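Single-letter residue listing:
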Amino acid sequence: MNMKKIVVAGGGVLGSQIALQSAFCGFDVTIWLRSEGSIERAQPKLLRLKEIYLNTLEAMKTNPTAYCRGFSCESELSADKINDLKQKVEDAYDSITLTTSYEEAGKDSDLVIEAIAEDPEQKIAFYQELAKHLPEKTIIATNSSTMLPSAFAKYTGRPEKYLALHFANEIWRNNTAEIMGHSETGQEYFNAVCEFAENINMIPLKLKKEQPGYILNSMLVPFLSAAEALYAGGVADFETIDKTWMLATGAPLGPFRILDVVGLTTAYNIGMMNPKASDPDTIEGKVAAMLKEKIDAGKTGINSGEGFYKY
């Protein structure tokens, strides 16, 4: 399938990354956002990502360890080739369209990647309205971190063309794409999304069946939840928890640094899917309250300049 126009719904942590990476790889990219305020919040994220791409590519000229798989399959690049890639970043950033219009976003789209909040009601409302504005050819993929595509397929109006496409954070460096269909997903559309993932320099990781959290988050979410419970339960401060993990395992980041990268709003929304999170006397409720306090203070993670740590 020859895809050209890619629509990313949502300009958050991963939505902005998916959009810039897709544009960098030559696709016509539109970001659909809920409001003009959402556009204003998305623009600095894209600018920050552009600077990360440019600075990382420049570093690759003298530091081999700076190489990121999402930029090129060649690990050794000449300065001229790196400069060409830097120009591609500039062109990609300038080419992305941001809109609040379903009609503008949906027109002639080949693939819509939904990356809005982990809230079932918001996703359903989005799919139902989107269905009115898409051509027959369009495939829809969800980047949901934990939800199953079968829970939303009927609301898309095209269940056979609906599946999950989940990216790891910092996709230019951690270039994985987990691809997961549901019982009604057509094989040709599954294959088309795998091909798209390869075309934006990702490594397609094909799941054989539905699994909440796919592969990555089936392991990551329990790990982060355990760390949150230790902190919210008063066992240790978050710096000590991070230090323990890093010193004992050799990991470059601890769980609270990872939470800042993922974004505390995403972590909160995932946690609130557990009914116990509404009870302030449970550890789940204490974790939710701890995250909500930071979110309300604007400390949502690395993109805001502060989460558990300052940036």
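Procedures and definitions
Residues numbered from 1 in each chain as written. Predicted model: local features only at pLDDT ≥ 70, side-chain atom pairs only at ≥ 80, totals over all residues. Heavy atoms only, no water. Helix = DSSP H or I, 4+ residues; strand = E, 2+ residues; numbered from the N terminus. Rg over C-alpha atoms; globule rule 2.2 N^0.38 Å. Buried < 20%, exposed > 50% of the residue type's maximum accessible area, 1.4 Å probe, protein only. Contact = heavy atoms within 4.5 Å. Areas by Shrake-Rupley, 256 points an atom, 1.4 Å probe, with all protein chains shown as cover. Salt bridge = Lys/Arg side-chain N within 4 Å of Asp/Glu carboxyl O. Core = buried A, V, L, I, M, F, W, Y, C linked by side-chain atoms within 4.5 Å. Expected span 1.5 Å × (residues − 1). Arc of directions from axis to C-beta. Phe/Tyr/Trp six-rings, centres within 6.5 Å; stacked < 30°, edge-to-face > 60°. Axes fitted to C-alpha atoms, helices over the stretch in contact; angles between N-to-C directions. Parallel < 35°, antiparallel > 145°, perpendicular 65-115°, else oblique. Nonpolar A, V, L, I, M, F, W, Y, C, P; charged D, E, K, R; others polar.

Looking now at the overall build of the protein. Counting its secondary structure elements, the protein contains 12 helices and 8 strands. In terms of overall dimensions, the protein is globule-like: its C-alpha atoms have a radius of gyration of 19 Å, near the 19 Å expected for 311 residues. Considered along the principal axes of its C-alpha atoms, the protein spans approximately 55 × 50 × 40 Å. Per-residue burial for the protein yields a buried fraction of 48% across its 311 residues. When contacts within the protein are restricted to residue pairs at least 6 apart in sequence, those whose partners lie at least 24 apart make up 67%. Summing over all exposed atoms, the protein offers an accessible surface of approximately 14,600 Å²; the carbon and sulfur share of this is 52%.

Time to look at the environment of Gly186. Mapped onto the secondary structure, Gly186 falls in the loop between strand E7 (176-180) and helix H7 (187-199). The class of Gly186 is buried, set by a relative accessible area of 18%.

What follows concerns the pattern of salt bridges. This structure, assessed with the given rule, holds 14 salt bridges. Between Lys86 and Glu58 there is a salt bridge, with its nearest N and O atoms 2.7 Å apart. One end of the pair, Lys86, is in helix H3 (residues 79-95); the other, Glu58, is in helix H2 (residues 36-59), and 28 residues separate them in sequence. In this structure Glu58 comes out as partly exposed when scored by relative accessible area, which is 36%. Put simply, Lys123 and Glu114 hold a salt bridge, and the shortest N to O gap is 2.4 Å. Take Glu114: its relative accessible area is 0%, and that puts it in the buried class. Bridged by salt links that share partners, the residues Glu58, Lys61 and Lys86 form one connected network.

Here we take up the nonpolar core. Counting 50 residues, the largest nonpolar core has Leu111, Leu165, Phe167 and Phe196 as its most contacted members. Core analysis: the next-biggest nonpolar cluster, separate from the first, contains 19 residues, Leu220, Phe238, Tyr268 and Ala277 among them.

Between its first and last C-alpha, helix H8 (residues 216-232) extends 24 Å over 17 residues, near the 24 Å set by a 1.5 Å rise per residue. Those residues of H8 not exposed but buried are Asn217, Leu220, Leu224, Ala227 and Glu228. For H8, the angular spread of the buried residues around the axis is 100°, confining them to a single face. Where H8 is buried, its residues contact strand E6 (162-167), helix H9 (238-249), helix H10 (255-262), helix H11 (264-271) and helix H12 (283-296). After H8 finishes, the residue Gly234 shows a positive phi value of roughly 80°.

The final tally for this structure, using the stated rule, is 19 aromatic pairs. Ring geometry for Trp32 versus Tyr102: centroids 4.8 Å apart, planes at 40°, classification tilted. Of this pair, Trp32 sits in strand E2 (residues 28-32) while Tyr102 sits in helix H4 (residues 102-106), placing them 70 residues apart in sequence. The exposure class of Tyr102 is buried, given its relative accessible area of 18%. Ring geometry for Tyr231 and Phe256: centres 5.5 Å apart, planes at 80°, overall edge-to-face. Of the two residues, Tyr231 sits in helix H8 while Phe256 sits in helix H10, which places them 25 residues apart along the sequence.

As a further point, take the packing of H2 against H3. At a closest axis distance of 9 Å, the pairing of H2 and H3 adopts a crossing angle of 175°. Put simply, H2 runs roughly antiparallel to H3. In contact with Gln43, Leu46, Leu47, Lys50, Tyr53, Leu54, Leu57 and Glu58 of H2, H3 contributes Ile82, Leu85, Lys86, Val89, Glu90 and Tyr93. Looking at side-chain class alone, the contact of H2 with H3 contains 9 nonpolar, 1 polar and 4 charged residues.

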